[in-house]
Amino acid sequence: MGRQAKKLGASTFAFFTRNPRGGSVKALDEADVAQFLREMQQNGVEGPIVAHAPYTMNACAADPSLRTFAQDMMRDDLARMEYIPGNYYNFHPGSHVKQGAQVGIELITKQLNEVLTPTQNTIVLLETMAGKGSEVGRTFEELQSILSGVECADRMGVCLDTCHVWDGGYDIVGDLDGVLTEFDRIIGLDRLRAIHLNDSLNERGAHKDRHAKIGEGCIGFDALCRVINHPALRELPFILETPNDDAGWAKEIEMLRNAYQG
Ligand code: FE
Ligand code: FE
Ligand code: ZN
């Protein structure tokens, strides 16, 4: 992964902690870990890395066995993350599936309180969501409700996905400052640890969550350039989740590096 990042001109990257749609993983091999850390260093990956939990992990599923599955998966992923200290573990808060957002928030908070430990090194990030279906985390208020109930609050942060907040209704094109002021008022900008930088195929408030290539969607290149250069955001890790192949990502990284006011 470190070599791949270098090839594309990146200085950080994201990876799924296991198959994004599946559950099982092989036992952790300490030699693999050592090699991973070596390659990161050799390839100039500065990090922090933003690992992504599987989409199948739903901490607020209605079925208790699915909640147990989600909890076990998060605990196992976080144990693995401790082998590469100083990084982030991002997850989709969950879908409440007709139980209502309040129940969803309570179940997610409960899972975090059962899994997180005060001594862990990894910071767990809640991702801002588009509000597709019954997704929890479309509003800053919902994310703050979760954060305020977590005992190990200093092990928590937020990852802002530009496509998701736009689809969720926040006007990051016309009023980025206003959106960030609201984020700061409700959650606190000190909680913001990473950005998923994506364009969106849909108009603001569409609740669709369909990512577009940088500059080819409804957010547009200029607005995304304002995101990467904003004083409150410019030092954060930016992760592309655009529909691309390697050549496409290399091109986007180059375009964005050129637009980044060093
Ligand atoms: Fe995500
Ligand atoms: Fe994302
Ligand atoms: Zn998305």
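Analysis parameters
- Residues numbered from 1 in each chain as written.
- Chains lettered and ligands numbered in written order.
- Predicted model: local features only at pLDDT ≥ 70, side-chain atom pairs only at ≥ 80, totals over all residues.
- Heavy atoms only, no water.
- Helix = DSSP H or I, 4+ residues; strand = E, 2+ residues; numbered from the N terminus.
- Buried < 20%, exposed > 50% of the residue type's maximum accessible area, 1.4 Å probe, protein only.
- Polar contact = N/O pair within 3.5 Å; in protein donor to acceptor, adjacent residues only side chain to side chain.
- Phe/Tyr/Trp six-rings, centres within 6.5 Å; stacked < 30°, edge-to-face > 60°.
- Donors = N, O, S within 2.8 Å, 3.2 Å for Na, K, Ca; no water.
- Salt bridge = Lys/Arg side-chain N within 4 Å of Asp/Glu carboxyl O.

Student: Please explain the environment of T139 as it appears in this structure.
Tutor: Among the structural elements, T139 can be located in the loop between β6 (135–136) and α5 (140–149). Classification of T139 by relative accessible area gives buried; the value is 15%. As for T139 and G169, which are separated by 30 residues in sequence, their C-alpha atoms are 8.8 Å apart. At 3.1 Å, the side chain of T139 forms a polar contact with the backbone nitrogen of E142.

Student: Would you explain the packing of aromatic side chains in this entry?
Tutor: What characterises a pair of aromatic rings is the spacing of the ring centres plus the angle enclosed by the ring planes. Tallied over the full model, the rule gives 6 aromatic pairs. When the ring of F13 is compared with that of F15, the centres are 6.4 Å apart and the planes differ by 50 degrees; the resulting orientation is tilted. The buried category is assigned to F13, whose relative accessible area is 10%. An angle of 10 degrees between the planes, with centres 4.1 Å apart, marks the rings of F140 and Y170 as stacked.

Student: How do you make sense of the coordination of the zinc ion (ligand 3) when you look at a structure like this?
Tutor: Four donors placed tetrahedrally about a metal ideally form angles of 109.5 degrees, and six donors placed octahedrally ideally form angles of 90 or 180 degrees. Bound to the zinc ion (ligand 3) are the protein donor atoms H164 (NE2), D209 (OD) and H211 (NE2), situated 2.0 to 2.3 Å from the metal. Here the zinc ion (ligand 3) and the iron ion (ligand 1) are spaced 5.2 Å apart. Under the relative-accessibility criterion, D209 is labelled buried at 15%.

Student: Where do I start with the pattern of salt bridges in this structure?
Tutor: Pairs may arise between side chains of opposite charge once their charged atoms sit close together. Applying the stated rule across the entire model yields 8 salt bridges. With its nearest N and O atoms 3.9 Å apart, the salt bridge here joins K7 to D246. Of this pair, K7 sits in helix α1 (residues 2–7) while D246 sits in helix α9 (residues 246–259); the two residues are 239 residues apart in sequence, bridging distant segments of the chain. Judged by relative accessible area, which is 31%, D246 ranks as partly exposed. One salt bridge in this structure joins R18 and D76, with 3.0 Å as the shortest N-O distance. Of the two residues, R18 sits in the loop between β1 (14–16) and α2 (30–42) while D76 sits in helix α3 (residues 64–81), which places them 58 residues apart along the sequence. Exposure remark for R18: the relative accessible area of 8% places this residue in the buried category. Taken together, the salt bridges that share partners define one network made up of R18, D76, D77 and R80.

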